[in-house]
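# Structural features, examined
So you can see what is in the structure, the chains are spelled out below.
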Amino acid sequence: MAVGRHRSKQMEAAAGTVAEAPPAANRRAGAARGPMMRQYDLVDRVRAYNPDTDEDLLNRAYVYAMRAHGEQTRASGDPYFSHPLEVAAILTNLKLDDATIAAALLHDTIEDTEATRGEIDQLFGPEIGHLVEGLTKLKKLDLVTREAKQAENLRKLLLAIADDVRVLLVKLADRLHNMRTLEFVPQASRQRIAEETLDIYAPLAGRMGMQEMREELEDLAFRVLDPGAYAVVTERLNSLAERNRNLIGEIESQLLSNLANHHMTAQIKGRRKRAFSIWTKMERKSVGFEQLSDIFGFRVIVDSVEDCYRALGIVHTAWPVVPGRFKDYISTPKQNDYRSIHTTVIGPGNQRVELQIRTREMDEIAELGIAAHALYKDGIGSPTELLKRESNAYAWLRHTIEVLAEGLNPEEFLEHTKLELFHDQVFCFTPKGKLIALPRKANAIDFAYAVHTDVGTSAVGCKINGKFAPLASELQNGDEVEIMTSPAQSAPPAAWEQLAVTGKAKAAIRRATRAAIRDQYAGLGRRIVERLFQRAKMDYADDKLKGALPRLARASIDDVMAAVGRGEMKAADVARAMYPDYKEERVARFVPGGAKKSKVTATAAKAATHPQNAIPVRGINTDLPVRFAPNGGAVPGDRIVGIVTPGEGITIYPIQSPALKDFEEMPSRWLDVRWDVDESTPQRFPARLFVQQVNEPGSLAQVATVIAEHDGNIDHIHMSRRSPDFTELTIDLEVYDLKHLNAIIAQLRAKAVVARVERVNG
Ligand code: MN
């Protein structure tokens, strides 16, 4: 049997590569500087895998994009249009549908030319319009100032914006072409683009199962980021490959003849490892590379899963096996759906030989990743056959979530749960390109407070994507938001508290409006005090009052004035504190021990402990019962206030509690209280959490375990299922303090099954 004829083109190409040139130079070098690809070249490439392609559509997209980009040029001096064309060509390697190829041709038109979404919709239909708009939004990512901390957010943003996985595929192809032509870009941005590629785009390609693309992106970035290391590794790779040149052909023919002896046909593909993957291995394990198996691997492609195991048996019989290197990813596929058998044997020339044994389908999925799933969705037939039977085999690619749900490993693949979670968030930009992540439904008020509290406080208007808009406008993913501020506005309108969505904005607005009200009282109090001094013909001076503060048991002059303004303190008391000789006609004599507790004030200078309540709080000098806010409690570390309910007692609320709003107009019922916790005898305090969890077997147990493992006491859990995907939990628990509570919240947020965690204050 003439097995030898199965020697593949790839093998020849790969074997040739070994001796002749480093891969970087060999790799489609023509893309950047060679003759530009033509319209018919592109159509030919598509027709090769999709005989029913809509050539007219591709031609129109081609002509439209070429005209739109007109005389624009790239950094290389090439016509700009060569770029979208090359991006489209890359996507033909992934065998993508007409809409994706057309979108690739058009991907920079809205951002960089006069083209509009409306026009593209009209000419090419809303499907392509939607894809191009998605890419336009992603393009803003390129302008984002690079902060290491933002990498995770950027990844989320990509996934949140790309509601159609084809947008991501075009974006990756776009980045790949930009990386291939990076040498023409100025050094400073070259560095940034390479880092971003390594941090964001290469891992994304990997997650989508596109190993080829991931490795090429990594290698191109590596070459820019560490040219020295890249050169050393590449040189060593080349010399090792040169030395083993004959051996590679020998191994291949022995493999084929061994399989042929057992009546098996197979295709052998040689695969040279990439500089970056060798380098990271060297860094991680601090080992050098010496052997052929360090730089070169072989793929044995067979017809069926059964043949994979047969081939494995044949190989293991013919050569000694290297122990510990056998992995069966066919029976246990990797998270990104990779399937293959891996083994290493001692082959010809006493060389270690790394083998990957797989079927054609597995090979295609390993190379094309998510795109290949379209072809093998039904698990049968070649791509071409499938396309003949069903003209739109790619329809399913449209909605990422659906795709992933239908995929072979829905719960793992592309971490679809997380992807869904990102849809709870909206990502926007400042005019300078800083990324601001907000919960969905958030508006420009939330954005302003997310930028800075001062920006929120002084916000008077905003522009969204360059157009004036109300501050209450709900923000969309990718919006650029510019906040107009006015120094004249020292406090936001109180009504904003209802409009704001984020806790941060709500709390800040509440604080600011409360502070503004307090300022008004303080101004009033000052006028009252100054008038009294005028009438009594005494001199008032802030310094003098400052010296009297301890006698008034107030921390600041403003506190005194606000108390006077509220009517909690008399101006005469202030005068007497400053001038003990000051006499006023109706001064009540203070009788120690005989004072009536007619009014609960915040003036208690020392802690009062009461046997009937164990709540360690200072500032309460009454015998009234004290309790915590019934919904959500309070924990040390919270700023707290006491609210007096006549006939009932005192309730301790954290300052952020929305319930406090009901008492806003009743300043006399507010008590300024502070924690007085004894560190030596730890005590627990009540708090409440809202948790949104993904519906999965065992997810509730995971939540409970996190809380228990971090020493939280669960008092009560209330569950409600809001959707098929999520369950909402209200958890009452007891913790030592705010730090403890926040640690538990952070641990919960780190769990994949937990979508949202918020503290609840009733
Ligand atoms: Mn582009």
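Heads up: the structure comes first, above all this text.
Here's what I pulled together on the structure shown here.

Each helix and strand counted, the chain has 33 helices and 20 strands in total. In the chain, buried positions account for 49% of the 762 residues. Taking as baseline every contact in the chain between residues at least 6 positions apart, the subset at least 24 positions apart corresponds to 66%. Surface accessibility of the chain: about 36,100 Å² in total, with carbon and sulfur atoms responsible for 50%.

Attention now goes to the environment of Gln 747. Here Gln 747 lies in helix H33 (residues 738–749). In sequence terms Gln 747 and Glu 709 are 38 residues apart; their C-alpha atoms lie 10.0 Å from each other. If near-sequence neighbours (up to four positions away) are discounted, Gln 747 is found in contact with Val 706 and His 710.

Time to look at the sheet that holds strand E3 (residues 327–328). Taken together, the 5 strands give an open sheet; going across it, the order is E1-E2-E5-E4-E3, and neighbouring strands pair in mixed fashion. Each edge of the open sheet carries a strand with a single partner, namely strand E1 (267–272) and E3. Pairing of strand E2 (residues 296–302) with strand E5 (residues 352–359) involves 6 bridges; the strand directions are parallel. Counted as the bridge partner of Ile 301 is Arg 358 from E5.

On to the pattern of salt bridges, then. Taken as a whole, this structure holds 32 salt bridges when the rule is applied. Two residues, Arg 117 and Asp 121, come together in a salt bridge whose shortest N-O distance is 3.0 Å. In this pair, Arg 117 and Asp 121 are both assigned in helix H9 (residues 117–124), 4 residues apart and thus about one turn of the helix distant. The class of Arg 117 is partly exposed, set by a relative accessible area of 25%. Among the salt bridges present, the one from Lys 269 reaches Asp 363, with a minimum N-O distance of 2.6 Å.

On to the packing of aromatic side chains, then. One pair of aromatic rings is described through two measures. These are the centre distance and the angle between the planes. For the coordinates displayed, the defined rule picks out 12 aromatic pairs. A cation over an aromatic ring shows up here: Arg 74 above the ring of Tyr 80, its NZ or CZ 5.9 Å from the ring centre.

It is characteristic of soluble globular proteins that their nonpolar side chains tend to be buried jointly. The biggest cluster of nonpolar side chains holds 62 residues, and the ones touching the most others in it are Leu 91, Leu 106, Ile 128, Leu 172, Met 213 and Leu 217. Among residues more than four places away in sequence, those in contact with Leu 91 are Tyr 49, Leu 96, Thr 100, Ile 101, Ala 104, Leu 169, Val 170 and Ala 173. Membership of the second largest hydrophobic core comes to 37 residues, among which are Leu 247, Val 302, Ala 311 and Val 315.

Here the focus is helix H4 (residues 39–49). What H4 keeps buried is the set Leu 42, Val 43, Val 46 and Tyr 49. Mapping the buried residues of H4 onto a view down its axis gives an arc of 130 degrees, with all of them on the same face. Residues of H4 that are exposed and angled more than 90 degrees away from the buried face: Tyr 40 and Ala 48.

Here we come to unusual backbone geometry. Negative phi values dominate among residues other than glycine, just as trans dominates among peptide bonds. At Lys 441, a position not held by glycine, the phi torsion is positive, near 80 degrees. Looking at the secondary structure, you find Lys 441 in the loop between strand E7 (435–439) and helix H25 (444–451). The phi dihedral of Asp 711 is positive, around 65 degrees, even though this residue is not glycine. Along the chain, the position of Asp 711 falls in the loop between helix H32 (699–709) and strand E18 (713–721). Asp 711 gets classed as partly exposed once you look at its relative accessible area, which sits at 36%.

There is a patch of nonpolar side chains on the surface, built from Leu 700, Ile 714, Ile 717 and Met 719 and spanning about 290 Å² of accessible area. For the nonpolar patch, the element with the most residues is E18, which contributes 3 residues. Here Ile 714 is to be found in strand E18. On the basis of relative accessibility, which here comes to 33%, the residue Ile 714 falls in the partly exposed class.

The rules behind the values
Numbering of residues starts from 1 in every chain and runs along the sequence as written. It should be noted that, the model being predicted, local features are given only for residues of pLDDT at least 70 and side-chain atom pairs only at 80 or more, the latter also being counted only at that level, while totals for whole chains, interfaces and linings use all residues. Side-chain numbers here rest on the full set of heavy atoms in the structure, without hydrogens or water. Put simply, DSSP H or I for four residues or longer makes a helix, DSSP E for two residues or longer makes a strand, and each gets a number counted from the N terminus. Three exposure classes are used, based on accessible area relative to the maximum for each residue type with a 1.4 Å probe and protein chains only: buried under 20%, partly exposed in between, and exposed over 50%. Throughout, a contact is declared for two residues whenever any of their heavy atoms are within 4.5 Å. Only the protein chains shown count as cover for residues, and all accessible areas are computed by the Shrake-Rupley method using a 1.4 Å probe. Two strands qualify as a pair provided DSSP detects at least 2 bridges between them. The salt bridge definition used is simple: a Lys or Arg side-chain nitrogen within 4 Å of an Asp or Glu carboxyl oxygen. Aromatic rings from Phe, Tyr and Trp, with only the six-membered ring used for Trp, were paired whenever their centres fell within 6.5 Å, and each pair was classed as stacked if the ring planes differed by under 30 degrees, edge-to-face if by over 60, and tilted otherwise. Charges are assigned to positions over rings by a cutoff of 6 Å between ring centre and Lys NZ or Arg CZ, combined with an angular limit of 35 degrees from the ring normal. Nonpolar cores were defined as sets of buried Ala, Val, Leu, Ile, Met, Phe, Trp, Tyr and Cys residues, with membership established by side-chain atoms within 4.5 Å. Relevant arc is that of directions from the helix axis to the C-beta atoms, nothing else. Residues form patches when they are more than 30% accessible in relative terms and have no salt bridge. Like charges link within 9 Å. Nonpolar side chains (Val, Leu, Ile, Met, Phe, Trp, Tyr) link within 5 Å.

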